[in-house]
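# A closer look at the structure
If you want the building blocks of each chain, they are given just below.
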Amino acid sequence: MKTIKLLILILLPMCFSMETFAQSNNQEKTFFSNLRKAYSSEYAYMSPLMLKSMNLTDKDLEGFPAKKVKMIEILTLKFDAEKLAKGAIEKCVADNGMELMGATYNTSLKNEIYVTMKGNTITNLLILKWGAWFGSVKILYIVGDLSSEDIKDKL
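A brief report on the enclosed structure follows.

Criteria and cut-off values
Residues numbered from 1 in each chain as written. Predicted model: local features only at pLDDT ≥ 70, side-chain atom pairs only at ≥ 80, totals over all residues. Heavy atoms only, no water. Helix = DSSP H or I, 4+ residues; strand = E, 2+ residues; numbered from the N terminus. Buried < 20%, exposed > 50% of the residue type's maximum accessible area, 1.4 Å probe, protein only. Areas by Shrake-Rupley, 256 points an atom, 1.4 Å probe, with all protein chains shown as cover. Phe/Tyr/Trp six-rings, centres within 6.5 Å; stacked < 30°, edge-to-face > 60°. Lys NZ or Arg CZ within 6 Å of the ring centre and 35° of its normal. Contact = heavy atoms within 4.5 Å. Pairing = 2+ DSSP bridges. Axes fitted to C-alpha atoms, helices over the stretch in contact; angles between N-to-C directions. Core = buried A, V, L, I, M, F, W, Y, C linked by side-chain atoms within 4.5 Å.

This next bit is on the overall build of the protein. A count of helices and strands for the protein gives 5 helices and 6 strands. Beginning at the N terminus, the succession of helices and strands in the protein can be written as α-α-β-α-β-α-β-β-β-β-α. Buried positions account for 39% of the 155 residues belonging to the protein. For the protein, the exposed area adds up to about 9900 Å²; of that, 58% sits on carbon and sulfur atoms.

This brings us to the packing of aromatic side chains. Evaluation of the coordinates by the stated rule reveals 0 aromatic pairs. Positioned over the ring face of tryptophan 130 is lysine 110, at 5.2 Å from the centre of the ring.

Let us look at the environment of proline 65. One can find proline 65 in the loop between α3 (48-53) and β2 (69-77). Look at proline 65 and you get buried, because its relative accessible area is 14%. For the pair proline 65 and leucine 146, spaced 81 residues apart in sequence, the C-alpha to C-alpha distance is 8.0 Å. Dropping the residues within four chain positions of it, proline 65 is found in contact with Asp58, Leu146 and Asp150.

The next point concerns the pairing of strand β5 (residues 121-130). The element β5 is extensively covered by neighbouring structure, given that 8 of its 10 residues are classed as buried. The pairing of strand β4 (residues 110-118) with β5 spans 9 bridges and is classified as antiparallel. Residue pairing for β5: glutamate 112 is matched across the bridge by leucine 128. Between β4 and β5, which pair antiparallel and follow one another directly, the connecting turn spans 2 residues, one of which, glycine 119, has a positive phi of 70°.

The strand order across the open sheet built from 6 strands is β1-β2-β6-β5-β4-β3, with neighbouring strands paired in antiparallel fashion. The outermost strands of the open sheet, each flanked by one partner alone, are β1 (41-46) and β3 (99-105). Each strand axis lies, on average, 10° off the axis of its neighbour in the sheet, ignoring direction. In this structure, β2 lies alongside strand β6 (residues 137-146), joined through 8 bridges in antiparallel fashion. If you follow isoleucine 72 over to β6, its bridge partner there is isoleucine 142. This element, helix α4 (residues 81-95), spans β2, β4, β5 and β6 of the sheet and lies at about 170° to β5.

With that out of the way, let us pick up the nonpolar core. If you look at the biggest cluster of nonpolar residues, it comprises 23 residues, and the most contacted ones within it are Phe32, Leu77, Ile89, Leu126, Ile139 and Tyr141. Considering each element in turn, this core owes the most residues, 6 residues, to α4. Setting aside residues up to four positions removed in sequence, tyrosine 141 forms contacts with Lys29, Phe31, Phe32, Met71, Ile72, Glu73, Cys92, Asn96, Met98, Asn124, Leu125 and Leu126. Ranked by size, the runner-up nonpolar core spans 17 residues in total, among them Ala66, Ile113, Ile142 and Leu146.

Structure follows, in structure tokens:
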């Protein structure tokens, strides 16, 4: 019984500090983690350490080549997305020196892709999929070594 109590006392604080641990051992900066507590949001973060330790397939990473992805953040906001995410999106684009690579617009949807390039390699990728439903957005931020071929069908 004492052993179980000791394990609980040791493991419980570790569970609460996993995200902090993953980010502190991570060279990549997260831009959208502060929005994970917004009303009706969904957030996922995979650090370089997590990506290395998991045996992921391309299907697991939204269709991106798993061996080329170093870090990924996925955020979905279902209400007031433009108001909530505008600052974080602008900071991500500015801090990474990103440029708009492509966009599609129609009456109800808007998709945008921002990239940072080093030669022919995409090092930072930001995909915004805006929806008409109460101002929703899905944000996908990836750090890695991607090619334009890897993202050609994402718009």
